[in-house]
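Summary of structural features
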Amino acid sequence: MPNTLTIPITIEWNKLTTRPLTNEEREEYDQQYGDGVISFHWEGPAPDIDQKVLVYTENMNTVEIDEWVDFDNGCFGFDFNDDVDTIYWAKLPEPPKPF
(Lines give C-alpha, C1' and ligand atoms only; values in the text may rest on other atoms or scores of the structure.)
Protein backbone atom coordinates (compact mmCIF):
# COMPACT_ATOMS: atom_id res chain seq x y z
CA MET A 1 0.00 0.00 0.00
CA PRO A 2 1.54 3.38 -0.99
CA ASN A 3 2.14 6.07 1.64
CA THR A 4 1.15 8.92 -0.62
CA LEU A 5 -2.18 10.23 -1.77
CA THR A 6 -2.70 12.46 -4.79
CA ILE A 7 -5.83 14.58 -4.76
CA PRO A 8 -6.35 16.85 -7.75
CA ILE A 9 -7.67 20.25 -6.68
CA THR A 10 -8.32 23.58 -8.29
CA ILE A 11 -7.23 26.65 -6.37
CA GLU A 12 -9.22 29.82 -7.01
CA TRP A 13 -7.03 32.86 -6.36
CA ASN A 14 -8.61 36.18 -5.34
CA LYS A 15 -6.79 39.45 -5.98
CA LEU A 16 -6.78 42.21 -3.35
CA THR A 17 -5.21 45.58 -4.09
CA THR A 18 -5.03 48.82 -2.18
CA ARG A 19 -6.28 52.19 -3.32
CA PRO A 20 -5.98 55.66 -1.79
CA LEU A 21 -8.95 57.02 0.13
CA THR A 22 -11.22 59.57 -1.48
CA ASN A 23 -11.41 62.95 0.28
CA GLU A 24 -14.87 62.05 1.58
CA GLU A 25 -13.64 58.71 2.97
CA ARG A 26 -10.61 60.36 4.57
CA GLU A 27 -12.80 62.94 6.33
CA GLU A 28 -15.25 60.27 7.53
CA TYR A 29 -12.54 57.88 8.77
CA ASP A 30 -10.53 60.66 10.43
CA GLN A 31 -13.63 61.65 12.40
CA GLN A 32 -14.60 58.08 13.22
CA TYR A 33 -11.19 56.51 13.98
CA GLY A 34 -8.76 59.41 14.42
CA ASP A 35 -6.58 61.35 12.00
CA GLY A 36 -4.58 59.11 9.68
CA VAL A 37 -5.53 55.78 11.30
CA ILE A 38 -6.95 54.50 8.01
CA SER A 39 -4.95 55.53 4.96
CA PHE A 40 -6.17 53.17 2.20
CA HIS A 41 -8.96 50.82 1.13
CA TRP A 42 -8.68 47.18 0.09
CA GLU A 43 -10.31 46.52 -3.29
CA GLY A 44 -11.52 43.04 -4.20
CA PRO A 45 -12.97 40.05 -2.40
CA ALA A 46 -11.62 39.65 1.15
CA PRO A 47 -11.52 36.54 3.33
CA ASP A 48 -13.80 36.19 6.35
CA ILE A 49 -12.50 37.69 9.60
CA ASP A 50 -10.12 35.26 11.36
CA GLN A 51 -9.98 33.04 8.24
CA LYS A 52 -6.59 31.48 7.52
CA VAL A 53 -5.83 31.39 3.80
CA LEU A 54 -3.05 30.78 1.31
CA VAL A 55 -1.35 34.06 0.37
CA TYR A 56 0.87 34.88 -2.58
CA THR A 57 2.70 38.18 -2.99
CA GLU A 58 4.68 38.98 -6.11
CA ASN A 59 7.55 40.59 -4.25
CA MET A 60 8.13 37.46 -2.12
CA ASN A 61 7.42 34.94 -4.92
CA THR A 62 6.24 32.38 -2.38
CA VAL A 63 2.98 30.98 -1.04
CA GLU A 64 2.38 31.06 2.70
CA ILE A 65 -0.50 30.90 5.18
CA ASP A 66 -1.82 34.14 6.67
CA GLU A 67 -4.94 35.21 8.54
CA TRP A 68 -7.40 38.03 7.73
CA VAL A 69 -7.81 39.95 11.00
CA ASP A 70 -9.69 42.87 12.51
CA PHE A 71 -7.17 45.24 14.08
CA ASP A 72 -9.95 46.66 16.33
CA ASN A 73 -9.72 50.20 14.93
CA GLY A 74 -11.78 49.88 11.78
CA CYS A 75 -8.86 48.35 9.91
CA PHE A 76 -8.87 44.88 8.41
CA GLY A 77 -5.97 43.12 6.78
CA PHE A 78 -3.62 40.19 6.84
CA ASP A 79 -1.79 39.49 10.07
CA PHE A 80 1.69 39.24 8.50
CA ASN A 81 1.29 40.69 5.00
CA ASP A 82 0.04 44.09 6.10
CA ASP A 83 2.25 46.35 3.99
CA VAL A 84 1.72 44.90 0.51
CA ASP A 85 -0.25 46.70 -2.23
CA THR A 86 -1.31 43.56 -4.13
CA ILE A 87 -2.06 40.20 -2.54
CA TYR A 88 -3.50 37.04 -4.02
CA TRP A 89 -5.30 34.76 -1.58
CA ALA A 90 -7.11 31.42 -1.75
CA LYS A 91 -9.01 29.22 0.65
CA LEU A 92 -7.01 26.43 2.25
CA PRO A 93 -7.72 23.07 0.64
CA GLU A 94 -9.65 20.45 2.59
CA PRO A 95 -7.36 17.99 4.37
CA PRO A 96 -7.29 14.48 2.93
CA LYS A 97 -9.45 11.76 4.37
CA PRO A 98 -7.56 8.85 5.93
CA PHE A 99 -6.66 6.17 3.42
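Above: the structure in question.
Residues numbered from 1 in each chain as written. Predicted model: local features only at pLDDT ≥ 70, side-chain atom pairs only at ≥ 80, totals over all residues. Heavy atoms only, no water.

This paragraph deals with the overall build of the chain. Helix and strand counts for the chain come out as one helix and six strands. Each helix (α) and strand (β) of the chain, taken in turn from the N terminus, gives the series β-α-β-β-β-β-β. Scaling as 2.2 N^0.38, a compact globule of 99 residues should have a C-alpha radius of gyration of about 13 Å, whereas the chain reaches 17 Å, well beyond that. Out of the 99 residues in the chain, the part that is buried amounts to 25%. (Helix = DSSP H or I, 4+ residues; strand = E, 2+ residues; numbered from the N terminus. Rg over C-alpha atoms; globule rule 2.2 N^0.38 Å. Buried < 20%, exposed > 50% of the residue type's maximum accessible area, 1.4 Å probe, protein only.)

This part takes up a nonpolar patch on the surface. Residues Leu5, Ile7, Ile9, Ile11, Trp13 and Val63 make up a contiguous nonpolar surface patch of roughly 510 Å² in combined accessible area. The topology assignment puts Val63 in strand β4 (residues 62-70). Take Val63: its relative accessible area is 44%, and that puts it in the partly exposed class. (Patch = residues over 30% accessible without salt bridge, like charges linked within 9 Å, V, L, I, M, F, W, Y side chains within 5 Å. Areas by Shrake-Rupley, 256 points an atom, 1.4 Å probe, with all protein chains shown as cover. Salt bridge = Lys/Arg side-chain N within 4 Å of Asp/Glu carboxyl O.)

Among the secondary structure elements, Thr57 is positioned in strand β3 (residues 52-57). Within the structure, Thr57 has its side chain in polar contact with the side chain of Asn59 (distance 3.2 Å). With near-sequence residues (within four places) excluded, Thr57 lies in contact with Thr62, Asn81, Val84, Thr86 and Ile87. (Polar contact = N/O pair within 3.5 Å; in protein donor to acceptor, adjacent residues only side chain to side chain. Contact = heavy atoms within 4.5 Å.)

The next subject is the pairing of strand β6 (residues 86-91). Here strand β1 (residues 14-20) pairs with β6 via four bridges, running antiparallel. By the bridge assignment, Lys15 is partnered in β6 with Tyr88. For β3 and β6, the ladder comprises four bridges, and the chain directions are antiparallel. Residue pairing for β6: Val55 is matched across the bridge by Trp89. (Pairing = 2+ DSSP bridges.)

This part takes up the sheet that holds β3. Pairing is antiparallel across the open sheet formed by six strands, whose spatial order is β2-β1-β6-β3-β4-β5. Of all strands in the sheet, those with a lone pairing partner are β2 (40-43) and β5 (76-78), marking the two edges. The sheet shows a mean angle of 35° between the axes of neighbouring strands, direction not considered. (Axes fitted to C-alpha atoms, helices over the stretch in contact; angles between N-to-C directions.)

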